[in-house]
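Single-letter residue listing:
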Amino acid sequence: MRDEIASRVSLAKGPHALSIPGPSMAPERVLRAMHRPSPNIYQGPLIEMTHSLFPDLKRVARTEHHATIYIGNGHAAWEACLANTHSRGDLVLIPKTGSFADGWATMAEGLGLRTEIMDFGNRGPIDPAAVGERLRADKGHEIRSVLMVHVDTSSSVRSDAAALRRELDAAGHPALLQADCIASMGCDRFEMDEWGVDVAVTGCQKGLMTPPGLAFVFYNDKADRARERADCVTGYWDWRPRTNPEVYFRYFNGTAPTHHLYGLREALDMIHEEGMEAVWARHAALARAVWAALEAWERDGPLEMNVRDAAHRSHAVTSVRLPERGTELRTWCEEQFGLTLGIGVGMAPMGSPEWDGFFRIGHMGHVNGHVVMGTLGGIEAGLDALGVPHGPGGLSAAAKALAQA
Ligand SMILES: *Cc1c(COP(=O)(O)O)cnc(C)c1O
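Residues numbered from 1 in each chain as written. Predicted model: local features only at pLDDT ≥ 70, side-chain atom pairs only at ≥ 80, totals over all residues. Heavy atoms only, no water.

Attention now goes to the UniProt feature "domain: Aminotransferase class V" (unreviewed entry) in the protein chain. As recorded in UniProt, the feature "domain: Aminotransferase class V" (unreviewed entry) lies at residues 66-322. In residues 66-322, helix accounts for 37% and strand for 20%; the two terminal C-alpha atoms are 43 Å from one another. (UniProt positions renumbered as here; feature names shortened; annotations may be inferred. Helix = DSSP H or I, 4+ residues; strand = E, 2+ residues; numbered from the N terminus.)

Right, here's the structure in full:
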């Protein structure tokens, strides 16, 4: 009976919602800012507008140091930061939770670096004390960088960057602390300078609400000193000419990504009109609404949040376990509800039966109360339509959480 109804009535037409953990939904304002004829790249408004991006990017990363923009995605940012700070054969320590650190490690190995991975599973954060112990054992200071993913987008675990800095300092270890903030910047609080992060990287397509295509590397003077001896750096990736270019085209080592820059300008305006603290508070409140719904649904049936301890959960993405039926729920939401949920990246090998047992809810960037309630409404309808047992009251729990925000 349920199947007959589902095949007769589709509720998918209307504005489609993309609740995946990146790319996030681009605001109308950003899209409109991009919709324009090609500008002159040698003089005129584009030049001034580009200069204006850097201070505003630094305000997002909470750094007084340096910011660079690359044409690229998160993988480009990974390569850019490593190329500027390392020489072939360098050892980098990668404390890892979830699966995105593996991608960064692969980029490091591709550059000829040696990687040492400390695996903390996929349901909880990096253990700073264990990293501290490893650093203290490295008497010869062979480890040149600690690479940490701030929010792992597969598991939705957030790790503590400031705690890793404290461990480095306590061990008297000179390694750089580099943070992947691709899923977290503009969503979860991140304080590059205050937390002692030497290099932070992100992309434009998640918290920064701009269609994919720009990568950002923030670095301090200590990281720039590592650039002196880095033999991995090549002309395109070199961050120095990009930081204070003598001629405009050096910002991008070639033609500027003109339309993306206009989109980014608008997105940064939106972020700073709201204020960083308010942006973080909004993401925190929306995340609590998502968790409130999940806590209610979890009370009966197979659904389960991947991260048990709320203190270690991302405010940008929530990974959910739904053994055997995650893919089915995603498909229902997509086809019947006009809602795209995230696939379970990295939690089980793709194509294995376990792989179907996860989905992710993206709540990053251009999201508000009604977007999150719509997403949760789609999930609850899907659970009902598919006959997946779940506790009652998910939606009203989420609404209550928002009412108290
Ligand atoms: C999305 C993401 C990446 C990869 O970014 P791409 O733009 O797909 O290359 C890397 N790390 C984290 C934490 C991410 O969320």
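What follows is about the sheet that holds strand β9 (residues 199-203). The seven strands lie next to each other as β2-β10-β9-β8-β5-β3-β4, forming an open sheet whose pairing is mixed. The open sheet has two edge strands with one neighbour each: β2 (66-71) and β4 (114-119). The average undirected angle you get between the axes of adjacent strands in this sheet is 20°. Relative to strand β10 (residues 214-219), β9 is paired through five bridges, and the arrangement is antiparallel. (Pairing = 2+ DSSP bridges. Axes fitted to C-alpha atoms, helices over the stretch in contact; angles between N-to-C directions.)

As a further point, take the pairing of strand β3 (residues 91-96). Taking burial as the measure, the six residues of β3 include six buried ones, the bulk of the element. Neither face of β3 is open: one carries L91, L93 and P95, the other V92, I94 and K96, and all of them are buried. Where β3 lies against β4, six bridges are found, and the strand directions are parallel. Each residue of the ladder has a partner; that of L91, found in β4, is R114. (Buried < 20%, exposed > 50% of the residue type's maximum accessible area, 1.4 Å probe, protein only.)

Another aspect to go through is the site of the ligand. Close to the ligand lie 13 residues; H75, T153, D180, Q205 and K206 are nearest. Side-chain polar atom of T153 to an oxygen atom of the ligand: 2.4 Å apart, as the coordinates give it. Between an oxygen atom of the ligand and a side-chain N or O atom of Q205, the distance comes to 2.7 Å. For the ligand, whose unbound accessible area comes to 380 Å², protein coverage reaches 88%. With three residues, helix α4 (residues 74-85) is the largest single contributor of residues to the shell around the ligand. Of the residues contributing to the shell around the ligand, the split by class is six nonpolar, five polar and two charged. (Near = heavy atom within 4 Å. Polar contact = N/O pair within 3.5 Å; in protein donor to acceptor, adjacent residues only side chain to side chain. Areas by Shrake-Rupley, 256 points an atom, 1.4 Å probe, with all protein chains shown as cover. Nonpolar A, V, L, I, M, F, W, Y, C, P; charged D, E, K, R; others polar.)

For the rest of this paragraph, the subject is the domain arrangement of the protein chain. With domains assigned, the protein chain is organised as domain 1 (2-25 + 275-403) and domain 2 (36-272). Each of domain 1 and domain 2 was reduced to a C-alpha centroid, and the two centroids are 29 Å apart. In this assembly, 32 residues from domain 1 lie in contact with 30 residues from domain 2. Summed over both partners, the interface of domain 1 with domain 2 comes to about 2,500 Å²; 52% of that surface belongs to carbon and sulfur atoms. When the area that domain 1 buries against domain 2 is broken down by residue, the three leading residues are M276, W280 and H312, summing to 24%. Counting the contacts that link domain 1 with domain 2 gives three salt bridges. (Domains from an automatic or database assignment. Contact = heavy atoms within 4.5 Å. Buried area = accessible area lost by both parts, 1.4 Å probe. Salt bridge = Lys/Arg side-chain N within 4 Å of Asp/Glu carboxyl O.)

For helix α3 (residues 45-61), spanning 17 residues, the distance from its first C-alpha to its last is 25 Å, which sits close to the expected 24 Å at 1.5 Å a residue. Lining the buried residues of α3 we find β2, β10, α10 (258-274) and α11 (276-298). Trailing α3 by a residue or two, R62 shows a phi angle of about 60°, which is positive. (Expected span 1.5 Å × (residues − 1).)

Tracing the backbone shows T85 in helix α4. Residue T85 is classed as buried on the basis of its relative accessible area of 2%.

Core analysis: the largest hydrophobic core is formed by 55 residues, its most contacted members being I69, F190, V197, F216, F218 and L261. The dominant element in this core, judged by the number of residues it contributes, is α3, at eight residues. Looking at this core, you find at least three residues from each of domain 1 (2-25 + 275-403) and domain 2 (36-272). (Core = buried A, V, L, I, M, F, W, Y, C linked by side-chain atoms within 4.5 Å.)

Turning next to the pattern of salt bridges. What the rule picks out here adds up to 26 salt bridges. Linking E328 and R325 is a salt bridge whose minimum nitrogen-to-oxygen distance equals 2.9 Å. Classification of E328 by relative accessible area gives partly exposed; the value is 35%. For R325, a relative accessible area of 24% gives the class partly exposed. Ionic contacts of the salt-bridge type, sharing partners, join the residues D56, R59, R265 and D269 into one network.

Time to look at the sheet that holds strand β1 (residues 17-19). One open sheet holds the five strands; their spatial order is β1-β13-β14-β12-β11, and the pairing between them is mixed. Either end of the sheet is taken by a strand with one partner, and the two such strands are β1 and β11 (304-305). Bridging between β1 and strand β13 (residues 339-343) involves three bridges; their strand directions are parallel. Bridge pairing in β13 links A17 to L339. Against the sheet, helix α12 (residues 326-337) contacts β13 and β14 (358-362), and its axis sits at roughly 155° relative to β13. Sheet strands in contact with helix α13 (residues 369-385) are β1, β13 and β14, and its direction is about 80° off that of β13.

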